[in-house]
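# Coordinate analysis (summary)
What follows is each chain in one-letter form.
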Amino acid sequence: MRSYKCNDCNHQTFHYEKWDSYFCALCNSWSEDKCDWNECAYCINRPDEPFNKEAHDVLIRTYKELSFGGVIDLMDFYFNEM
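Heads up: these notes are all about the structure in this document. Each chain carries its own residue numbering, running from 1 in the direction its sequence is written. Where local features are concerned, this predicted model is filtered to residues with pLDDT of at least 70; where side-chain atom pairs are given and counted, the filter is 80 or more; whole-chain, interface and lining totals use all residues. The basis for the side-chain values is all heavy atoms of the structure; hydrogens and waters are excluded.

## What to know about the pattern of salt bridges
- By convention in these notes, a salt bridge is any Lys or Arg side-chain nitrogen within 4 Å of a carboxyl oxygen on Asp or Glu. With the rule as written, the count across this model stands at 1 salt bridge.
- Measuring nitrogen to oxygen at the nearest pair gives 3.0 Å for the salt bridge that ties Asp57 to Lys53. In this pair, Asp57 and Lys53 are both assigned in helix H1 (residues 53-65), 4 residues apart and thus about one turn of the helix distant.
- Relative accessible area decides the class of each residue, using a 1.4 Å probe on protein chains only: under 20% of the type maximum gives buried, over 50% gives exposed, and in between gives partly exposed. With a relative accessible area of 61%, Lys53 lands in the exposed category. What counts as a helix is a DSSP run of H or I of at least four residues, what counts as a strand is a run of E of at least two, and both are numbered from the N terminus.

See below:
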């Protein structure tokens, strides 16, 4: 599995399989732009941000309380709930 760092905060990015794109959980931003193909099943409906505001706020509050390893577990929870 590839491992990338966020250009803004330098934390590890994660691959969001549903959208086939890497993102930074802390910055709540995609690491990759949408492609130019109008019929791309991944990009056409990809949201502007990986998490909605409420979910991202919970993630950040939890991040402040846990080690970074704890955030990965929390992200798994969100992915399973989405």
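More follows now that the structure is in view.
## Here's the deal with the layout of surface pockets
- In this analysis, the protein atoms alone were mapped onto a 1 Å grid. Cavities are point sets where a 1.4 Å probe fits without being able to get out; pockets are open sets with protein on both sides within 12 Å along at least five of seven lines; lining residues have an atom within 4 Å of a point. Grid points are joined across faces, edges and corners, and a volume is the space filled by probe spheres set on the points. As a volume, the largest pocket reaches approximately 160 Å³.
- Lining the largest pocket are Tyr4, Lys5, Cys6, Asn7, Asp8, Thr13, Tyr22, Ser29, Trp30, Ser31 and Glu32.
- Residues are grouped as follows: Ala, Val, Leu, Ile, Met, Phe, Trp, Tyr, Cys and Pro are nonpolar; Asp, Glu, Lys and Arg are charged; every other residue, Gly included, is polar. Classifying every residue of the lining of the largest pocket gives 4 nonpolar, 4 polar and 3 charged.

## A look at the packing of aromatic side chains
- Aromatic rings from Phe, Tyr and Trp, with only the six-membered ring used for Trp, were paired whenever their centres fell within 6.5 Å, and each pair was classed as stacked if the ring planes differed by under 30 degrees, edge-to-face if by over 60, and tilted otherwise. With the rule as written, the count across this model stands at 6 aromatic pairs.
- On the numbers, 5.7 Å between centres and 55° between planes, the contact of Tyr16 with Phe23 is tilted. Summarising the burial analysis for this pair, Tyr16 and Phe23 share the class buried.
- Consider the rings of Phe23 and Trp30, whose centres lie 6.0 Å apart with planes at 70°: the pair is edge-to-face. The exposure classification of Phe23 matches that of Trp30, with both residues buried.
- Cluster of aromatic residues (ring-pair linked, three or more members): Phe14, Tyr16, Phe23, Trp30 and Phe51.

## Quick notes on the state of the cysteines
- Any cysteine sulfur atom paired with another within 2.5 Å is treated as part of a disulfide. Throughout the structure, instances matching the rule amount to 0 disulfides.
- Counting only cysteine sulfurs, Cys40 is the nearest neighbor of Cys35, a cysteine outside any disulfide, at a range of 3.7 Å.
- In this structure Cys43 is a free cysteine whose sulfur lies 3.7 Å from that of Cys35, the closest cysteine sulfur available.

## Description of the nonpolar core
- Residues enter a nonpolar core if they are buried and are Ala, Val, Leu, Ile, Met, Phe, Trp, Tyr or Cys, with the set joined through side-chain atoms within 4.5 Å. The biggest cluster of nonpolar side chains holds 9 residues, and these are Phe14, Tyr16, Trp19, Phe23, Ala25, Trp30, Phe51, Ala55 and Leu59.
- Where this core is concerned, the elements lending two or more residues are strand E1 (14-16) and H1.

## Focus on the sheet that holds strand E3 (residues 29-30)
- Here, a strand pair is defined by DSSP locating no fewer than two bridges between the strands. If you trace the 3 strands from one edge of the open sheet to the other, you get E1-E2-E3, paired in antiparallel fashion. In this open sheet, the two edge strands, each paired with only one partner strand, are E1 and E3.
- One ladder, built from 3 bridges, connects E1 with strand E2 (residues 21-24); its direction is antiparallel. Among the inter-strand pairings, Phe14 is bridged to a residue of E2, identified as Phe23.

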